[in-house]
Amino acid sequence: MSYSEKVIDHYQNPKNVGTLDKSKSNVGTGLVGAPECGDVMRLQIEVDEATGLIKDAKFKTFGCGSAIASSSLATEWLKGKSIDEAIAIDNMAIVEELNLPPVKIHCSVLAEDAIKAAINDYRQKNGQESLKFNESVVH
Amino acid sequence: MLKFPIYLDHNATTPCDPRVVEAMIPYFTNNFGNAASRNHPFGWQAEEAVDYAREQVAKLIGADPKEIIFTSGATEADNLAIKGVFEMYASKGNHIITCNIEHKAVLDTCKHIEKEGGEVTYLKVKDNGLVDLAELEAAIKPTTILIAIMYANNEIGTINPMKEISAIAKKHGVLVFSDAVQAVGKIPVDVNKDGIDLMAFTAHKMYGPKGVGALYVRRKNPRVKVTAQMDGGGHERGMRSGTLNVPGIVGFGKACEICMNEMEEETKRVSKLRDKLQTELLKVEESYLNGDKEHKLPHVTNISFKYVEGEGLLMGFNKNIALSSGSACTSASLEPSYVLKALGLGDDLAHSSLRFGLGRFTTEDQIDYTVEQVTATVNKLREMSPLWEMYKEGIDMNSIEWAHH
């Protein structure tokens, strides 16, 4: 199976690899997947408390090229978005943008889950309730 | 000058040796006859060529030419051996012993046998990938008719003690079948010294063409018979009907002859390169060798690089280096290699493995380049691996509640 050019580009030049200070109250961290399943994503957002917008996003991913590309793309999309806009990011948009084949859709699902987990972590830290999300279908 | 891509997946298949191709060519055009045509020179010529190839093939494994049944490949030979023995020896028993890291062509054939009313014991191999002889002997019952154990494993290259296995089998009057696809042509295999009764092997793993293989079927001490799995003109002494693939068989013969003549030299050269590759890659932090260190094919190594995922790792260099990974992130199940899991490797290590298969045309430059590329990619991916970061911070990964999906 060959990868799309966009996946290869994200793999070779991943955007926003790194770690944010998870002890800060305006940083939300989502860790999803499992080593046994062959992919683990950690996605972090830093929220600008004045504007409520996501001012920085970072990721680290253990996984195949599509998993790395999905998380790299997710961090790019998150920057500058409000929390509500971030919640609305759908895995199928990632599939479309990266041209993921059906066997790699789970990588995009994982990225969506990571975004939601990071947002919930941020909400909890700031005294808000966790949002309930529908169970992802494609796992 | 390095030419790309570099091929290091010789356990999957090998290129045809140019000498093999040269030997085959006349049998596509001028000497196109059917080896079963008994009444004209075209047929005689083809038959003669097949006879000659049969001798070349037999010689490589220390067999008599009459004991070689040509097939379409090793999968067919595996099927013919196991199903053929199961049907032929039904009056004696219905129990077969095999192991859990056999090739799918053996495992799935055994599954089929179970559906047909047979009983199959799947021995668990030891952590080094070898069959436990005591367990093997303990598994034998009065109804056991066949022990089917691979000569060498395709993923980790470990070589089973076939002599010891067949000695046990003989003691109990059980036949021994071995899928020897990875071993024949690479290491000395002798069906008499090894005590093997049936053996499957194929041309394309030893620099011959695809689409042709053989089943060795012992004719003396004991005389072994298999029930044909393909009905037709009664070719190959009635055990495998179908017009013989004359050019393929000629190529197979030539490939065997070359292996026979050059094995010793080639093993020395290739194992030296393999050792270099293995030594250099095991210098990478948190890298682990899979399978037995000693009892191993000279051209194979399998290494796990913890905290990076195999398929992601391959992507770093697979435009230039052709390699195989034990990780299968392409299926919905995300199941890593069943062979590595059978060795007791955790899924994390199984997902992080690379299989290197060197070959006749592998050069030292290619190995140096591969070491450099693999090491650099492992380092790069670890920089973006959350697991590596946790490992470096001393976090116990078992203490984390992973969201299994």
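1. Some points on the overall build of chain B
Phase 1: Regarding its fold elements, chain B presents 12 helices and 13 strands.
Phase 2: Over its C-alpha trace chain B gives a radius of gyration of 22 Å, about what one expects of a compact globule, namely 22 Å for 405 residues.
Phase 3: If you line up chain B on its principal axes, its C-alpha atoms span 75 × 55 × 35 Å.
Phase 4: In chain B, which comprises 405 residues, the proportion classed as buried is 53%.
Phase 5: The long-range share in chain B, meaning contacts at least 24 apart out of those at least 6 apart in sequence, stands at 73%.

2. Side note on the overall build of chain A
Phase 1: The helix and strand tally for chain A stands at five helices and three strands.
Phase 2: Secondary structure of chain A in N-to-C order comes out as α-β-β-β-α-α-α-α.
Phase 3: Overall, the C-alpha framework of chain A stretches about 45 × 30 × 25 Å when taken along its three principal axes.
Phase 4: The proportion of buried residues among the 139 residues of chain A is 52%.
Phase 5: Taking all contacts inside chain A whose residues are at least 6 apart in sequence as the whole, residues at least 24 apart take part in 63%.

3. Here's the deal with the packing of helix H7 (residues 246-281) of chain B against helix H11 (residues 364-383) of chain B
A pair of packed helices is characterised by two quantities: the angle between their axes and the separation of those axes.
Residue and element names in this part refer to chain B.
Phase 1: The N-to-C vectors of H7 and H11 enclose an angle of 15 degrees; their axes lie 10 Å apart at closest approach. On the basis of the axis angle, H7 is roughly parallel to H11. Relative to H11, the crossing made by H7 is right-handed. When H7 is examined against H11, the residues Leu273, Lys276, Leu277, Glu280 and Leu281 are found in contact with a partner set consisting of Glu364, Ile367, Thr370, Val371 and Val374.
Phase 2: Tallied by class, the residues present in the contact of H7 with H11 amount to six nonpolar, one polar and three charged.

4. Notes on H11 of chain B
Residue and element names in this part refer to chain B.
Phase 1: Over its 20 residues, H11 runs 29 Å from end to end, which matches the ideal 28 Å to within 8%, given 1.5 Å per residue.
Phase 2: Among the residues making up H11, those that are buried are Gln366, Ile367, Thr370, Val374, Thr377, Val378, Leu381 and Arg382. Across the axial projection of H11, the buried residues extend over an arc of 125 degrees, all falling on one side. Looking at H11, the residues exposed on the side facing more than 90 degrees away from the buried face are Glu364, Asp365, Glu372 and Ala376.

5. A few points about the sheet that holds strand S2 (residues 68-71) of chain B
All names here are of chain B.
Phase 1: Pairing in this open sheet of seven strands is mixed, and the strands run S2-S8-S7-S6-S5-S3-S4 from one edge to the other. With partners counted over all chains shown, the strands left at the sheet margins are S2 and strand S4 (119-123), one partner each. Sheet twist, expressed as the mean angle between neighbouring strand axes with direction ignored, is 20 degrees.
Phase 2: When strand S3 (residues 95-99) meets strand S5 (residues 144-148), the two strands line up parallel, connected through four bridges. Bridge assignment links Ile97 to a residue of S5, and that residue is Ile147.
Phase 3: On top of the sheet, helix H4 (residues 104-115) reaches S3, S4, S5 and strand S6 (175-179); it is set at about 155 degrees to S3, its chief contact.

6. Remarks on the sheet that holds strand S3 (residues 54-62) of chain A
Residues and elements named next belong to chain A.
Phase 1: Reading across the sheet, the three strands line up as S1-S2-S3 and stay open at both edges, with antiparallel pairing between neighbours. Edge strands, defined here as strands with exactly one partner in the open sheet, are strand S1 (27-34) and S3. Taking each pair of neighbouring strands and ignoring which way they run, the sheet shows an average axis angle of 10 degrees.
Phase 2: In this sheet, strand S2 (residues 39-47) lies alongside S1 in antiparallel orientation, the contact comprising eight bridges. Looking at the pairing, Thr29 lines up with Gln44 of S2.
Phase 3: In the packing of helix H2 (residues 65-78) onto the sheet, contacts are made with S2 and S3, and the angle to S3 comes to roughly 175 degrees.
Phase 4: Helix H5 (residues 105-125) contacts S1 and S2 of the sheet and is inclined by roughly 140 degrees relative to S1.

7. Concerning unusual backbone geometry
Phase 1: In this structure, the amide linkage connecting Phe4 of chain B to the following residue, Pro5 of chain B, adopts the cis form with an omega of -10 degrees.
Phase 2: Topologically, Pro5 of chain B is positioned in the segment before strand S1 (6-7).
Phase 3: Residue Asn221 of chain B is joined to Pro222 of chain B through a cis peptide bond whose omega torsion reads -5 degrees.
Phase 4: Relative to the assigned elements, Pro222 of chain B resides in the loop between strand S8 (213-217) and H7.
Phase 5: Unlike most non-glycine residues, Asn16 of chain A shows phi in positive territory, near 65 degrees.
Phase 6: For Asn16 of chain A, the location among the structural elements is in the loop between helix H1 (5-12) and S1.
Phase 7: Residue Asn16 of chain A is classed as buried on the basis of its 21 C-beta neighbours within 10 Å.
Phase 8: Positive phi is not limited to glycine here, since Asn99 of chain A has a value of about 60 degrees.
Phase 9: Mapped onto the elements, Asn99 of chain A comes out in the loop between helix H4 (91-98) and H5.
Phase 10: Residue class for Asn99 of chain A comes out partly exposed when judged on the 14 C-beta atoms lying within 10 Å of it.

8. Some thoughts on the domain arrangement of chain B
Many descriptions give the size of an interface as the accessible area lost when the pieces come together.
Residues and elements named next belong to chain B.
Phase 1: Domain parsing of chain B yields domain 1 (6-11 + 263-399) and domain 2 (18-259).
Phase 2: On a C-alpha basis, the centres of domain 1 and domain 2 stand 30 Å from each other.
Phase 3: Listed per partner, the contact involves 22 residues of domain 1 and 22 residues of domain 2.
Phase 4: Counting residues per element, the ones that place at least two in the side of domain 1 that touches domain 2 are strand S10 (300-305) and helix H9 (338-342).
Phase 5: When the residues that make up the side of domain 1 that touches domain 2 are grouped by side-chain class, the tally is eight nonpolar, 10 polar and four charged.

9. A short note on H7 of chain B
Helical periodicity: at 3.6 residues per turn, an α-helix aligns residues three or four positions apart in one direction.
Phase 1: Taking 1.5 Å per residue, 36 residues should reach 52 Å; H7 of chain B reaches only 43 Å between its end C-alpha atoms and comes up short.
Phase 2: At Glu262 of chain B, H7 of chain B shows its largest kink, close to 65 degrees.

10. Comments concerning the environment of Glu76 of chain A
Residues and elements named next belong to chain A.
Phase 1: Relative to the elements of secondary structure, Glu76 occurs in helix H2.
Phase 2: Distance from Glu76 to Leu20, taken between C-alpha atoms, is 15 Å for residues 56 residues apart in sequence.
Phase 3: Aside from chain neighbours lying at most four places away, what touches Glu76 is Lys15 and Asn16.

11. As for the interface of chain A and chain B
Phase 1: Taken together, the contact between chain A and chain B spans 26 residues of the former and 26 residues of the latter.
Phase 2: Here the side of chain A that touches chain B gets four residues from one element, more than from any other, and that element is S1 of chain A.

Scoring rules and cut-offs
- Residues numbered from 1 in each chain as written.
- Chains lettered and ligands numbered in written order.
- Predicted model: local features only at pLDDT ≥ 70, side-chain atom pairs only at ≥ 80, totals over all residues.
- Helix = DSSP H or I, 4+ residues; strand = E, 2+ residues; numbered from the N terminus.
- Rg over C-alpha atoms; globule rule 2.2 N^0.38 Å.
- Buried ≥ 20, exposed ≤ 12 C-beta atoms within 10 Å, placed from the backbone.
- Contact = placed C-beta atoms within 7 Å.
- Axes fitted to C-alpha atoms, helices over the stretch in contact; angles between N-to-C directions.
- Parallel < 35°, antiparallel > 145°, perpendicular 65-115°, else oblique.
- Left-handed = near helix turned anticlockwise from the far one by under 90°.
- Nonpolar A, V, L, I, M, F, W, Y, C, P; charged D, E, K, R; others polar.
- Expected span 1.5 Å × (residues − 1).
- Arc of directions from axis to C-beta.
- Pairing = 2+ DSSP bridges.
- Domains from an automatic or database assignment.
- Bend = angle between axes of the 7 residues up to and from the residue.

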